[in-house]
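Here is how the chains run, residue by residue.
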Amino acid sequence: MKDLIISNLPASYPWQGNLYYFNTIDSTNTRAKQMAAEGAPHGTVLIADRQTGGRGRMGRSFHSPSGVGIYLSMLLRPGCPAKELMHLTCAAAVAAADGIQAATGLRPGIKWTNDLVAGRKKLGGILTELSLDSRGNVEYAVVGIGINCNQSAADFPEEIKQIATSLQLVTGKVIDRSAVIAQLLVALQNMSEHLQAPAATLERYRADCITIGQEISVVRGDEVRHGKALEVDSEGALMVAFDDGTRQAVQSGEVSVRGMYGYI
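Please read all numbers here as calculations on a predicted model, not as lab measurements.

Caption draft 1: The arrangement of the overall build of the protein in detail. Regarding its fold elements, the protein presents six helices and twelve strands. Relative to its length of 264 residues, the protein is compact, with a C-alpha radius of gyration of 18 Å against a globular reference of 18 Å. Taken over the C-alpha atoms alone, the protein extends approximately 55 × 50 × 30 Å along its principal axes. A total of 264 residues make up the protein; the buried ones form 51% of that total. Taking the intrachain contacts of the protein between residues at least 6 apart in sequence as the baseline, contacts between residues at least 24 apart amount to 64%. If you sum the accessible surface of the protein, you get close to 11700 Å²; carbon and sulfur atoms cover 48% of it.

Below, the structure is given as structure tokens:
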């Protein structure tokens, strides 16, 4: 698979020598953080055929079976204050959508903040993690992307069968995972060169974000608040008009969109 991925990359791609492929791994994000602590360079990429401990946001697991999905993580060393990377998850989602579109012709939507969606079902997800030094600068960032590629409806576990989809289910075509991975790597490398200029990226994120304008609920612990998603601000936060008349920038918590993932 590694050779196939490299064969799909343009000759100018600068990080071919930093690409690692694993048949099975616990989590590409976990291993990327370990490698970062050991001094792995900017642009290191980890790709796995299967994860035994794939992770999503808020400690959730990410179903990662062999042969049908994409599970990759990219290590970045942007050398900037953490406050300049508030939009990183948004930027990674746009890059993932760019890569998928370049390889398949399908452009997924984005459910704030980190879900890739198609037909109002989840196609994949983003997990970004930062390590900061004592001055609040980013020591490294890990961008993890998981995408369902060639699953049939029967391949998903019962608990996610009604909310998950795959590129094959949406396009009706068997997906060349190596081609999609190559396009993702190109898009992520391009993203890395524009991280300190977020305005254009966030404008593209807003165009892809299916959450804007929708009735939503925001869950934080035992608190559930209902409202309408208005906009994504300059740091990637979701501006919400709540039913109690208040407005707030939501930067964390679980956001459910009415009519998706079983939220009525």
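Caption draft 2: Here's a closer look at the pairing of strand S2 (residues 44-48). The element S2 is extensively covered by neighbouring structure, given that five of its five residues are classed as buried. Going residue by residue along S2, you find Thr44, Leu46 and Ala48 tucked away on one face and Val45 and Ile47 tucked away on the opposite face as well. As defined by bridge partners, strand S1 (residues 19-22) adjoins S2 across four bridges and the pair is classed as parallel. Opposite leucine 19, over in S2, you have valine 45 as the bridge partner. Each parallel crossover has a hand, and for S1 linked through helix H2 (residues 28-37) to S2 it is right-handed. By the bridge criterion, five bridges tie S2 to strand S3 (residues 69-76) in an arrangement that is antiparallel. Looking across to S3, one finds that alanine 48 is bridged to tyrosine 71.

Caption draft 3: The arrangement of the sheet that holds S2 in detail. Taken in spatial order, the seven strands make up an open sheet running S1-S2-S3-S7-S6-S5-S4, and their pairing is mixed. The outermost strands of the open sheet, each flanked by one partner alone, are S1 and strand S4 (109-111). Pairs of neighbouring strands in the sheet enclose a mean axial angle of 20 degrees, with direction left out of account. Against the sheet, helix H3 (residues 88-104) contacts S4, strand S5 (115-118), strand S6 (121-132) and strand S7 (138-148), and its axis sits at roughly 135 degrees relative to S6.

Caption draft 4: Summary view of the layout of surface pockets. A volume near 420 Å³ is recorded for the second largest pocket. Taken together, 19 residues form the lining of the second largest pocket, with Met86, Thr89, Thr113, Thr128 and Gln251 sitting closest to its centre. Sorting the residues of the lining of the second largest pocket by element identifies H3 and S6 as the ones contributing at least two each. When residues in the lining of the second largest pocket are grouped by element, the largest group, five residues, is from S6.

Caption draft 5: View of the nonpolar core. Ranked by size, the top nonpolar core spans 62 residues in total, and within it Leu72, Ile147, Leu185, Met191, Tyr205 and Leu238 carry the most contacts. It is H3 that provides the largest number of residues to this core, a total of nine residues. Not counting residues up to four positions away in its chain, the partners in contact with leucine 72 are Thr28, Leu46, Ile47, Val143, Gly144, Ile145, Ile181, Leu184, Leu185 and Leu188. Listed in part, the eleven residues of the second largest apolar core include Phe22, Ala36, Leu75 and Tyr140.

Caption draft 6: How the structure looks around the pairing of S3. Taken across its eight residues, S3 has eight buried, putting it largely inside the fold. As defined by bridge partners, S3 adjoins S7 across eight bridges and the pair is classed as antiparallel. Residue pairing across strands places tyrosine 71 opposite glycine 146, the latter belonging to S7.

Caption draft 7: Molecular detail of unusual backbone geometry. Put simply, tryptophan 112 and threonine 113 share a cis peptide bond, and its omega is 0 degrees. Relative to the assigned elements, threonine 113 resides in the loop between S4 and S5.

Caption draft 8: Layout of the environment of leucine 169. With respect to the helices and strands, the residue leucine 169 is situated in helix H4 (residues 167-171). Since its relative accessible area comes to 41%, leucine 169 is described here as partly exposed. The sequence separation of leucine 169 and serine 152 amounts to 17 residues, and the corresponding C-alpha distance is 6.5 Å. Apart from the residues within four sequence positions on either side, leucine 169 is in contact with Gln151, Ser152, Ala153 and Phe156.

Caption draft 9: Representation of the sheet that holds strand S10 (residues 238-242). Strands sit in the order S11-S10-S9-S8-S12 across an open sheet of five strands; the sheet is antiparallel. Edge strands, defined here as strands with exactly one partner in the open sheet, are strand S11 (247-250) and strand S12 (254-257). For this sheet, the mean inter-axis angle between neighbouring strands, taken without regard to orientation, is 40 degrees. Here four bridges tie S10 to S11, and the two strands are oriented antiparallel to one another.

Calculation criteria
- Every chain's residues receive numbers from 1 upward, in the order its sequence appears when written.
- Residue-level local features of this predicted model are given only where pLDDT is at least 70; pairs of side-chain atoms are given and counted only at 80 or more, and the full residue set underlies all totals for whole chains, interfaces and linings.
- Processing note: side-chain calculations cover all non-hydrogen atoms of the structure and skip hydrogens and water entirely.
- A run of H or I in DSSP counts as a helix once it spans at least four residues, and a run of E counts as a strand once it spans at least two, with each numbered from the N terminus.
- C-alpha atoms define the radius of gyration, and 2.2 Å times the number of residues to the power 0.38 defines the globule rule.
- Accessible area is worked out with a 1.4 Å probe on protein chains only. A residue is then buried under 20% of its type maximum, exposed over 50%, and partly exposed in between.
- Any two residues whose heavy atoms approach within 4.5 Å are treated as being in contact.
- Surface accessibility follows the Shrake-Rupley procedure with a 1.4 Å probe radius. Residue values consider only the protein chains on display as shielding.
- Between any two strands, at least two bridges found by DSSP are needed for them to pair.
- Classification remark: right-handed applies to a crossover when, strands pointing away from the viewer, the course from the first strand over the helix to the second runs clockwise.
- Throughout, an axis means a line fitted to C-alpha atoms (over the contacting stretch in the case of helices), and angles, computed between N-to-C directions, take values from 0 to 180 degrees.
- Of the two site types, the cavity is a set of points on a 1 Å grid over the protein atoms alone where a 1.4 Å probe fits but cannot get out, and the pocket is an open set with protein on both sides within 12 Å along at least five of seven lines, each lined by residues with an atom within 4 Å of a point.
- Grid points are joined across faces, edges and corners, and a volume is the space filled by probe spheres set on the points.
- Nonpolar core, defined: a set of buried Ala, Val, Leu, Ile, Met, Phe, Trp, Tyr and Cys residues in which side-chain atoms within 4.5 Å join the residues together.

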